Amino acid sequence: MKIKIEKRLNTPRYLSLVVPVVSIFAALLIMFVILTIFFMGRIGSFQGAFSETVSAYKELITWPFFNQYGLYSTISKMVPLAFVALGLSFAYKMKIWNIGGEGQLYMGALAATWAALFVFRGITSPILLITLVAIFSAIAGALWALIPALMKAYAKTDEIVVTLMLNYVAIFWVDYLVYGPWRDPKGFGFPGTAAFPEPAMLPTFFDGNVHIGIFIAIAFAILLQYIDVKTQWGFNSRIVGDNKKAATYSGIKVKKYTIISLVVSGAIAGLGGGVQMMGMQHRLMHGFSPGYGYTAIIIAWLAKLNPIAVIFVSFLFGGLLVGNDQLQMFYKLPISLISIFQGLVLFCLLGGEAIAAYRLKIEKAEEVPANE
Amino acid sequence: MKKLLFVLAILLFVASLSVAATRVAFVYVSPVGDGGYTFMHDQGRLYLEEALGEDVVVDIIESVPEGAEAESVFRGYAQRGYDIIFGTSFGYMDSMVKVSKQFPKTIFMHCSGYKTTDNMGVYFGRMYQPRFLSGLVAGAMTKSNIIGYVAAYPIPEVIRGINAFALGVSYVNPEAKIHVVWSNTWFDPTLEKDAAISLLDIGADVIAQHQDSAAPQQAAEERGVMSIGYNSDMSAFAPNAFLAAPIWAWGPYYVKAVQDVQNGTWTNEPYWGGIEDELVDIVMSDLVPAGVANLVYAMRESIIKNQFHPFQGPIYDQDGNLRYAEGEMASDEELLSMDWFVSNVVGRLQ
Amino acid sequence: MDDYPILEMKNIQKAFPGVLANDNISLEIRRGEVHALLGENGAGKTTLMNILFGIYHPDHGEILINGKKTFIHSPQDAINEKIGMVQQHFALVPSFTVAENVILGLKNFGFIIKTKQVEQQIKELGERYSLPVRPKARVWTLSVGERQRIEILKLLYTGANILILDEPTAVLTPQETRQLFSAIRKLVKEGSSVIFISHKLDEVLEISDRISVLRNGKNTGTLNREEVDRRTLVQRMVGRDVLMDQEKPKVEPGPVKIEVKDLTVKNDKGLTAVNNLSLEIHGGEILGIAGVAGNGQKELAEAIYGLRPIETGKIQMAGEDLHHRSIKKRIQSGLSFIPQDRKSIATCPNLSVMFNIFMKNTIPGLKKSSAWNIQIKQMHEKTRELIRNFSISTPSSKTRVRYLSGGNLQKVVLARELSSNPSVIIAEHPTRGLDIGAMEFVYQALLEEKKKGSAILLLAGELYEIFRLSDRVAVIYEGEVMGYTPPDPSYTEKIGFMMAGTREDSIHEN
């Protein structure tokens, strides 16, 4: 009898749930050891360090998910993540690797600000103004994604490089505007625009702690899920995603699908920028996104590009970020330890995916492998 | 259910125990290890813990991004019943205003901002005073009459500092010009060093700065010219270049603010402390000749005694307009919203 | 030429997933001979040579050089054994000069490069073998023929005496080909051996001393040039004794359903693949196209379907010009295509049987389905029905098709292509790689469509298949129709001549 490691022919369904759960568990376990060692240095005794670690872990889980205020924070954090991840998964389904979520988010925020502060200044109906600002932000994200889309479709450039580069261009655009022409004249020169007018702010609930952006995100997730499973578009996009030659052979215009998927992807990310402006920031500032567009790539991936799963994974990730803040705030963990933890989670998730592609096979010695 | 009650009881018990000590939190924008602005706040925090001992429980969080990210941090502290929360970056302003309205029992203290609420105050230091003094040193020491200034962001705090520095320079050396380069960073050693080098390349022989890293100092050291630091004594980074630095000393103020809260005497009156309050000061190295040092000490005394104000007329701006006539002085409001350069500054407000 | 074998390959076996590329092949190369390896595309020629050159490793078998058992693990080993290979795609650095490229090919060119010396040697070598090159010219400025000469000189420079030339004439003009042949003759005269891979009969007959014909991964035997003629070579290449075991259904031909007029199409290399070709097919008729693979069949099929642009000419379906019609429109007007490459073109390997059946969205019989509300449940039902009708062996309609065998995969393609009531069907090698049972299934399915009145264009390598199905046989050679014959084995000889490039009208004179 010998044990052989071989590549799986197909990944069983249950693995897509088991892998992330086991991976996160593994990350927590490794971090537990690191934290205990860290606390031993501080407290001195193993027992004290152990119980300190246990209570830190309780904090990590209870505050973001089971405390009222922690939940508010989690939900607020997940909204931009969810929007961008929804947009990205839409393109990833067709194996079009849009890395430009960050830039599209920024351009959406920029257009939202332009609409709210300049173009539609004076509109007092909240429904009208919010709709217009949202449309502007979605169009801006779409146009920003149209550039790599056209370049990919007609000049065969690599969308990964182009979308990534455009992120920096978008951030510099925003910086130029908030330091320059759009700087709030009453803002004491601080790099930021004036605050959005009242009617351009999204309605809130829970005493102003959560804005309705979360419902917009959920609505989009449901819509995208419907498009995926119930429409000709969703059907065809799977064909394009699996085999572009077969798609062409089937009469599907691959170029058209490439362009539309990137543009829609950018529009959703851009809308996320608009929602973040209207619901949370209320003014365009330098560096308003701490890399939501990049975290969203991981979320889209972990959610296996399923829009409904994106919502849940965004929730978990939002909570993880909030929980990390808590560890820093109340357990005096240095920021570098928190970074280690986040790195560990990613490492274990990716490693788990890689390992899950293989399986152990126990075969009897006398068995001769069949020549297929 | 029983379990839950038990946990609640323990929580209440713990909460009641901590009533005795005032719970204080500091929210920093960069890592405490930056050796600059946040480092000096954290020095103040240590001073506070040292001074009040058992009476305070202090927690900190580093590297909290400005904007929406900060909101959940402030909410987290406030919801846990912290008595006083210090936010040390300008960009926390909107978040602090919003959270302060939701938690009226917590005192919010915002460094460098201008918005207050019933339970949110603002505090800052008259850094322009020691900046003026460091300008005296630079003006006396330059030989090329080209002084480089690596500026952070074009916001009033930074502009005010440049102007005070420039006025100090012209006080002793009307010929010298201050060349400004913007890095648009608070802490980015690579970028800030590059900015300093660009100034050295045009012939600057003194480099001043507003960022938290010591990179501009090191650039000056490498070229064998002189430098003016910021935040703390940076002589260790550039022993052969470092002349002087305007510095922060937050400790005594933090002790006072916490005691005000403990005694119930806290108000949301804006606080703007100067050299006279020991909130800011200047340090000089041995490289500064005694004559220059004596001039600096003398001017420092006049400022403390309120006999001298760095922004006192006549002051002209870059376009030659008389901003303050002989005998006129800039008001605090004008200083807080300054958006123009004095006449011996070369460079543009972006 | 000596009788002494300089190289022997014995019982070489090499399997790739799903294909036995080399099946117990033995080959013997003598000193000073031109040995042609003849066979259709996919017969195993290139695999065998890649094994000899150390790129692949055989599953079984051994290689003897000068009678000594030798292991060739890498191209470097092969070069050490004085074996050189000119691939179909050249490995030259365009921005370097000829001499620099030759130096690059050396195992160790030393620390100080004596470019002058190398240039002189290249010039001499070139003159000696009538392979004129300019050593100082940059490669990008040279023609394809010149580049090929450099590749050969590179080999000679390293001292190779067994040269493998993989389809060397595919990219050459007739003049360049003549030049190459004269160089080859000089090479063998000086004692080198040349293995000449080709599927072009004329060239093989012109240059070779001995000829080995490969078919389906087997060596059908090595023959002396004097012993063979075109016909025997074609028979050996195309294989299988032709049997007529079943009656074809008689169908009264209907009106012309598809018409191709003066069509010219280029292949991927930009060379003319279909040359001014015309044909027409009636409803209820199967037109079989016979020909050695690589003579424009694939390009013809792709051009009609719309996957390949046409240079000149016209394609009409039911009297309407297809020129500006998208593939989608062509599908909707009843054009079906069963491509040879069913894995990479005709199916999505990671999608389910249902997806592959409905890939073109043309299967009739679904109630009320719109682009915004597709009826997945009904589609699965319909798929299950087709799985039964076409007896596709699959666990369910949700199984990914990559797990299906070749025969079942082809049945999925047939189920899709034949269930949409096509009026014209292009079937390109529809039975390649299938076992006898699956083959028969394909035949029956196509004949069934014929009965329903479809016009079918059958492109096949196997004459058996063409005789079995077709109503008429057209023979194609270098993109042109050489002539037509009835589908009867008694015409095999005539077909063979035409497959080798002789026009029907000139056969009687031969």
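These figures come from a predicted structure and were not determined experimentally. (Residues numbered from 1 in each chain as written. Chains lettered and ligands numbered in written order. Predicted model: local features only at pLDDT ≥ 70, side-chain atom pairs only at ≥ 80, totals over all residues.)

Visitor: Explain the overall build of chain A here, please?
Guide: Counting its regular elements, chain A contains 13 helices and four strands. Along the first, second and third principal axes, the C-alpha set of chain A runs to 80 × 70 × 30 Å. Within chain A, the proportion of its 372 residues that are buried is 51%. Considering only contacts within chain A whose residues lie at least 6 apart along the sequence, 78% involve residues at least 24 apart. (Helix = DSSP H or I, 4+ residues; strand = E, 2+ residues; numbered from the N terminus. Buried ≥ 20, exposed ≤ 12 C-beta atoms within 10 Å, placed from the backbone. Contact = placed C-beta atoms within 7 Å.)

Visitor: Looking at this structure, I do not really get the overall build of chain B. What am I missing?
Guide: Along its length, chain B carries 11 helices and 15 strands. Radius of gyration (C-alpha) of chain B: 22 Å, near the 20 Å computed for a compact globule of 350 residues. Principal axes of the C-alpha set define a box for chain B whose edges measure 80 × 45 × 35 Å. Residues classed as buried in chain B amount to 53% of the 350 residues present. Summarising the internal contacts of chain B: among those between residues at least 6 apart in sequence, 65% fall at separations of at least 24. (Rg over C-alpha atoms; globule rule 2.2 N^0.38 Å.)

Visitor: Teacher, can you tell me more about the sheet that holds strand E9 (residues 210-215) of chain C here?
Guide: By definition, the strands of a sheet pair up through backbone hydrogen bonds, in either a parallel or an antiparallel sense. All names here are of chain C. What the six strands build is an open sheet, ordered E6-E7-E8-E3-E9-E10; its pairing is mixed. Unpaired on one side and paired on the other, strand E6 (83-86) and strand E10 (218-224) mark the two borders of the sheet. Going from strand to strand, the sheet's axes swing by 20° on average, the running direction of each strand aside. On top of the sheet, helix H5 (residues 144-157) reaches E6 and strand E7 (162-166); it is set at about 170° to E6, its chief contact. (Pairing = 2+ DSSP bridges. Axes fitted to C-alpha atoms, helices over the stretch in contact; angles between N-to-C directions.)

Visitor: Explain the domain arrangement of chain B to me, please; I cannot follow it from the model alone.
Guide: Interfaces are often described in size by the accessible area the parts lose on coming together. Residue and element names in this part refer to chain B. Taken domain by domain, chain B holds domain 1 (18-125) and domain 2 (128-248 + 279-346). The straight-line distance from the C-alpha centre of domain 1 to that of domain 2 is 29 Å. Contacts between the two partners involve 11 residues from domain 1 and, on the opposite side, 14 residues from domain 2. Here the side of domain 1 that touches domain 2 takes four residues from helix H2 (residues 37-52), the largest share from any one element. Across the side of domain 1 that touches domain 2, the residue classes tally to four nonpolar, six polar and one charged. (Domains from an automatic or database assignment. Nonpolar A, V, L, I, M, F, W, Y, C, P; charged D, E, K, R; others polar.)

Visitor: What is the right way to read the interface of chain C and chain A from this model?
Guide: On the side of chain A, 17 residues touch chain C, which itself brings 23 residues to the contact. Looking at the side of chain C that touches chain A, its residues break down into 15 nonpolar, five polar and three charged.

Visitor: Quick question: what am I supposed to make of unusual backbone geometry here?
Guide: If a residue is not glycine, its phi is most likely negative; likewise, a peptide bond is most likely trans. A cis amide bond links B:Gly313 to the next residue, B:Pro314, at an omega of 0°. Turning to its location among the elements, B:Pro314 is positioned in the loop between helix H10 (290-304) and strand E13 (315-316). For A:Lys304, which is not glycine, the phi torsion reads 55° and is therefore positive. Phi angles above zero are rare outside glycine, and B:Ser63 is one such case at about 55°. One can find B:Ser63 in the loop between strand E2 (56-61) and helix H3 (68-79).

Visitor: Before we go on, may I ask you to explain the packing of helix H3 (residues 68-92) of chain A against H3(B) in this structure?
Guide: Geometry of a packed helix pair, given as the angle between the helix axes and the separation of the axes. Look at H3(A) against H3(B): their axes get within 10 Å of each other, and the N-to-C directions meet at 175°. On the basis of the axis angle, H3(A) is roughly antiparallel to H3(B). Residues A:Tyr69, A:Ser73, A:Ser76 and A:Lys77 of H3(A) lie in contact with H3(B), whose contacting residues are B:Ala68, B:Ser72, B:Arg75, B:Gly76 and B:Gln79. (Parallel < 35°, antiparallel > 145°, perpendicular 65-115°, else oblique.)

Visitor: Would you explain the interface of chain B and chain A in this entry?
Guide: At the junction of the two partners, chain B supplies 29 residues and chain A supplies 24 residues. Looking at the side of chain B that touches chain A, the elements that each hand over two or more residues are E2, H3 and helix H6 (156-172) of chain B. The dominant element in the side of chain B that touches chain A, judged by the number of residues it contributes, is H3(B), at eight residues. Residues that form the side of chain B that touches chain A fall into these classes: 14 nonpolar, nine polar and six charged.

Visitor: Help me understand the pairing of strand E4 (residues 60-65) of chain C, please; the structure alone is not making it clear to me.
Guide: On a regular strand, each side chain points to the face opposite its neighbour's, so the side chains alternate between the two faces of the sheet. Residue and element names in this part refer to chain C. As paired strands, strand E1 (residues 5-16) and E4 are joined by five bridges and run antiparallel to one another. Within E4, the position partnered with Lys 10 by the bridge is Glu 62. Across three bridges, the pairing between E4 and strand E5 (residues 68-70) is antiparallel. Within E5, the residue paired with Leu 64 across the bridge is Lys 69. The loop that links E4 with its antiparallel partner E5 comprises two residues; one of these, Asn 66, has a positive phi angle of about 50°.

Visitor: Would you explain the environment of A:Val33 in this entry?
Guide: Structurally, A:Val33 is set in helix H1 (residues 13-43). Each C-alpha atom, one on A:Val33 and one on A:Gly70, is 26 Å from the other, the two residues being 37 residues apart in sequence.

Visitor: Please clarify how helix H9 (residues 251-263) of chain B should be interpreted in this entry.
Guide: In an α-helix, one turn spans 3.6 residues; hence positions three or four apart end up facing the same way. With 13 residues, H9(B) ought to run about 18 Å at 1.5 Å a step, and its terminal C-alpha atoms sit 18 Å apart, in line with that. In the stretch just after H9(B), B:Gly264 is the one whose phi turns positive, near 75°. (Expected span 1.5 Å × (residues − 1).)

Visitor: Where do I start with the arrangement of the chains in this structure?
Guide: If you rank the two pairs of chains in contact by how many contacts each has, first place goes to chains A and B. Here chain B and chain C are not in contact; the least distance found between their C-alpha atoms is 38 Å.

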